[in-house]
Amino acid sequence: MTIELLITERTPLRVNNRSVEVESEMSDNSSVPKPEMDDTKRIILKFVIDFVALLLVGLPILAFFIWGNPYERGFFCDDESLMHPFHESTVKNYYLYIVGLILPIILIIVTETIQTKVNRLNSLRNLNVFGRSIPNWIPNAYKQVGVFGFGAAASQLATDIGKYTIGRLRPHFIDVCQPQMMDGTNCSNPINIGRYIEDFTCLGIGSNTRMLKEMRLSFPSGHASFSAYTMIYCAIYLQARMTWRGSKLLKHFIQFVLVLLSWYTCMTRISDYKHHWSDVLAGATLGTFCALIVSNFVANLFVDKQQRLLPERNYEIKTSP
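Just so it is clear, the structure is predicted and the values come from calculations on it, not from any experiment. (Residues numbered from 1 in each chain as written. Predicted model: local features only at pLDDT ≥ 70, side-chain atom pairs only at ≥ 80, totals over all residues. Heavy atoms only, no water.)

Trainee: Just checking my understanding: could you explain the overall build of the protein chain for this structure?
Mentor: For the protein chain, the helix and strand inventory stands at eight helices and nine strands. Residues classed as buried in the protein chain amount to 36% of the 321 residues present. Restricting to contacts in the protein chain with at least 6 residues of sequence separation, those with at least 24 account for 81%. (Helix = DSSP H or I, 4+ residues; strand = E, 2+ residues; numbered from the N terminus. Buried < 20%, exposed > 50% of the residue type's maximum accessible area, 1.4 Å probe, protein only. Contact = heavy atoms within 4.5 Å.)

Structural data, given as C-alpha cells:
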C-alpha cells in the first residue's frame, strides 16, 4: 500500500475585479496534459443573448423617435416660462453621443487591458474561438462595454417614456409653435389672457416637423440624463477598476473632468432655453440613478474588493493499494 500526500493550494487571483481561488494539486504523479477546450459555441450563444437583450431595449427607443406622438397638453398665453426664443443647442446631439459613448468605451478598453497585465491574468487559459486564442482582456472589455451600453439604452428608454407620457412644453414653445386658436385669434389678443387653451393649431412659420414634435418633449431632459449616466458611470467604473498607484490624483482628475462635462451639458440645456430647470434636474437624477444601479447590481464593480494576503492550503492524505 502506498500513501500519497496531496497538497491543494488555493491562490487568490483577480478576475474582473473579483477574488478567484485557483486550486493546483501537487503530487509525485506527473499530470497528463488536457486537450484545449473549444469555446466557440458558448461565446456565440452568449453574444446572441446579449445582442437580443440590447435589441429589446434599443428598438423601443427607435420606435419612439420614428413613430412616437407625445401627449398634447394645453398652455396659458401669459405663461412667461414658455415665451423664450428658440436657440440652437450648444451641445449638439452628435457631440453628446460621440463624447458620451466613445470616450467611456476607450477608457474601459484601456483600463481592462492594463488590468489584465497588472493582475497577470494572461497566465489564465485564453478563450479558444474558431481555433484562435483570444486574449483575456478582450472578454473582460466586452463584458464591461456591453454592460455600459445596456445601461445607456435603459436610461434613454426610461427618459423617452417620461417625455412622451408627460408631453411638457419647452420654454421656446410659443416661438416655435406660434399658436392660433380655433376662432382665429392668437396670444396677442387680450381675450386669451388667463385662459387655459387646449384647442389650437401651430402656424409654425420657420419651424420644421421635427421642431414641432420636439417642442412637447421637455420633461425630463434627454441630454441631462444621457450625459449624467455616461459620465458618472465612467467615473464609478474608474473608481473600481483603475488601481494604478503611480499618481494619487490622476484618477480623481479624470473623474472630475467627466462629471464636469455632464454638468456643463446640463447647464447649456437651461441657457439654450431647451428645458426648464426642473427638467434638467429630473434628467440628471434619472441618469445618476441608472449609473448607480448598473454599476452596483449589473456590472458588480464593487464585489469582492478585499483580497487575501496569503494563499490557503488544504492537506489531504490519500491511500492506494
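Trainee: What is the right way to look at the environment of leucine 250 in this model?
Mentor: Residue position: leucine 250 is located in helix H7 (residues 250-271). Residue classification places leucine 250 among the partly exposed positions, given a relative accessible area of 33%.

Trainee: What should I look at first to understand the packing of helix H2 (residues 93-118) against H7 in this one?
Mentor: Helix-helix packing: each pair is described by the crossing angle between the helix axes and the interaxial distance. Between H2 and H7, whose axes approach to 12 Å, the crossing angle comes to 165°. Considered as vectors, H2 and H7 are oriented roughly antiparallel to each other. Classified by chirality, the crossing of H7 by H2 is left-handed. Listed contacts from H7 to Leu96, Val99, Leu103 and Leu107 of H2 are Ile254, Leu258, Leu261 and Thr265. (Axes fitted to C-alpha atoms, helices over the stretch in contact; angles between N-to-C directions. Parallel < 35°, antiparallel > 145°, perpendicular 65-115°, else oblique. Left-handed = near helix turned anticlockwise from the far one by under 90°.)

Trainee: Help me understand unusual backbone geometry, please; the structure alone is not making it clear to me.
Mentor: Backbone geometry follows two general trends: most residues other than glycine have a negative phi, and most peptide bonds adopt the trans configuration. At the junction of phenylalanine 219 and proline 220, the peptide bond is cis and its omega measures out at -10° in the coordinates. The topology assignment puts proline 220 in the loop between helix H5 (209-214) and helix H6 (222-241). Of note in this structure, tyrosine 273 is not a glycine but carries a positive phi near 60°. With respect to the helices, strands and loops of the structure, tyrosine 273 is situated in the loop between H7 and helix H8 (277-298).

Trainee: What exactly am I supposed to notice about the state of the cysteines here?
Mentor: In protein structure, a disulfide is the covalent linkage between the sulfur atoms of two cysteines. Under the defined criterion, the tally for this structure stands at two disulfides. Across the disulfide, cysteine 77 is cross-linked to cysteine 187 (sulfur-sulfur distance 2.1 Å). Taking the sign of the S-S torsion, about -70° here, the bridge from cysteine 77 to cysteine 187 comes out left-handed. With cysteine 77 in the loop between strand E3 (75-76) and H2 and cysteine 187 in the loop between strand E6 (179-181) and strand E7 (196-197), the pair connects residues that are 110 residues apart, well separated along the chain. Just as cysteine 77 is buried, cysteine 187 falls in that class too. The side chain of cysteine 177 participates in a disulfide bridge whose partner is cysteine 202; the two sulfur atoms lie 1.9 Å from each other. Every disulfide takes its handedness from the sign of the S-S torsion; for cysteine 177 and cysteine 202 that torsion is -90°, giving left-handed. Placement of cysteine 177 in helix H4 (residues 173-177) and of cysteine 202 in strand E8 (residues 200-202) is noted, with a sequence separation of 25 residues between them. Residue class for cysteine 202 comes out partly exposed when judged on its relative accessible area of 26%. (Disulfide = S-S within 2.5 Å.)

Trainee: I'm lost on the packing of aromatic side chains in this one. Help?
Mentor: Any two aromatic rings considered together are summarised by their centre-to-centre distance and by the angle between their planes. What the rule picks out here adds up to 12 aromatic pairs. With a centroid separation of 5.0 Å and an interplanar angle of 65°, the aromatic rings of phenylalanine 75 and phenylalanine 173 are classed as edge-to-face. Here phenylalanine 75, found in strand E3, pairs with phenylalanine 173, found in helix H4; they are 98 residues apart in sequence, far enough to count as distant. According to the relative accessible area criterion, phenylalanine 75 is buried, its value standing at 2%. (Phe/Tyr/Trp six-rings, centres within 6.5 Å; stacked < 30°, edge-to-face > 60°.)

Trainee: I tried to follow the pattern of salt bridges on my own but got confused; where do I start?
Mentor: When the charged atoms of two side chains with opposite charge come close together, those side chains can pair. Counting across every chain of the model gives four salt bridges. Notably, a salt bridge pairs arginine 170 with glutamate 214, separated by 3.1 Å at the nearest N-O pair. On the criterion of sequence distance, the pair formed by arginine 170 in the loop between helix H3 (137-166) and H4 and glutamate 214 in helix H5 is long-range, its members being 44 residues apart. Glutamate 214 gets classed as partly exposed once you look at its relative accessible area, which sits at 24%. Measuring nitrogen to oxygen at the nearest pair gives 2.7 Å for the salt bridge that ties arginine 210 to glutamate 214. (Salt bridge = Lys/Arg side-chain N within 4 Å of Asp/Glu carboxyl O.)

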